[in-house]
Amino acid sequence: DLLALASELHGFPSRMLVSAVLPCVNEAVAANAALWVYALPLYKVIAEKIDPGSRREYVTAVEGYFEAGLKVNNPVETMLAFLRHLPFMQSTFDGIFFSTHIVGSLFVNCLDKRHTMLLKRLFSALVDPGVRDMVDQSSLLASIVPGVCKEACKNPDKAVKVHALYLLSLLMGRLSHEYVA
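Let me begin by describing the structure that accompanies this report. No experiment lies behind these values; they were computed from the predicted model shown. (Residues numbered from 1 in each chain as written. Predicted model: local features only at pLDDT ≥ 70, side-chain atom pairs only at ≥ 80, totals over all residues. Heavy atoms only, no water.)

Description of the overall build of the protein
And then number 1: Each helix and strand counted, the protein has twelve helices and zero strands in total.
And then number 2: The globule rule puts the C-alpha radius of gyration for 181 residues at 16 Å, and the 18 Å found for the protein is close to it.
And then number 3: C-alpha atoms of the protein, sized along the principal axes, occupy 55 × 30 × 20 Å.
And then number 4: For the protein, buried positions account for 41% of its 181 residues.
And then number 5: Considering only residue pairs separated by 6 or more positions, the protein has 70% of its internal contacts joining residues 24 or more positions apart.
And then number 6: Accessible surface, the protein: about 9,000 Å² in total, of which carbon and sulfur atoms supply 58%.
And then number 7: Both charge centroids of the protein, one from 17 positive and one from 17 negative side chains, sit 8 Å from each other. (Helix = DSSP H or I, 4+ residues; strand = E, 2+ residues; numbered from the N terminus. Rg over C-alpha atoms; globule rule 2.2 N^0.38 Å. Buried < 20%, exposed > 50% of the residue type's maximum accessible area, 1.4 Å probe, protein only. Contact = heavy atoms within 4.5 Å. Areas by Shrake-Rupley, 256 points an atom, 1.4 Å probe, with all protein chains shown as cover. Lys, Arg positive; Asp, Glu negative; His and termini not counted. Charge placed at Lys NZ, Arg CZ, Asp CG, Glu CD.)

A word on the pattern of salt bridges
And then number 1: Scanning all chains against the criterion turns up two salt bridges.
And then number 2: For the salt bridge of Lys 71 with Glu 67, the shortest nitrogen-to-oxygen distance reads 3.9 Å.
And then number 3: According to the relative accessible area criterion, Glu 67 is partly exposed, its value standing at 29%.
And then number 4: Arg 114 is the salt-bridge partner of Glu 151, the closest N and O atoms lying 3.1 Å from each other. Placement of Glu 151 in helix H10 (residues 137-154) and of Arg 114 in the loop between helix H7 (95-113) and helix H8 (116-127) is noted, with a sequence separation of 37 residues between them.
And then number 5: Exposure remark for Arg 114: the relative accessible area of 37% places this residue in the partly exposed category. (Salt bridge = Lys/Arg side-chain N within 4 Å of Asp/Glu carboxyl O.)

Some details on unusual backbone geometry
And then number 1: Here the residue pair Asn 74 and Pro 75 is connected by a cis peptide bond, since its omega of 0 degrees sits within 30 degrees of zero.
And then number 2: Within the secondary structure, Pro 75 is located in the loop between helix H4 (55-70) and helix H5 (76-84).
And then number 3: The backbone of Arg 114 sits at a positive phi, close to 60 degrees, despite the residue not being glycine.

Written as structure tokens, this is what we have:
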């Protein structure tokens, strides 16, 4: 039913979307993490339909649920859905939220999962300069680079190794000379 809901929202005013529809979607994803796959496109549709004046209210209403959702590491499809919706999350949340929850939870969980499709999607996302530039230096040094190096060296899938090596080549300019040596 979440998939059909997006097409039914065209006539709702912003106030109604934020105060009535959004809480229902939030409760659904809080009850079942697998629903994020279907709810993320709906969150995007709602964000596009609300007035700019309701934007802050929207972010406040969804932030806690996204924080919890970004920590989910099962099912893998949920993590893939979040990676597919990175541009939406970049435009919705501030840099602190991005660093803390998207990099600190989602990206780290993707690296820990060692799932081929997940790693390819993560590395493809990190190749994008807009995403890569939002990763702060401490997260880069503490978790991203070590995880990418591990995959470049130890992952049996050649495609993952190539993605990891390419990403490392792009990250080298941001690393200090002491770290690289």
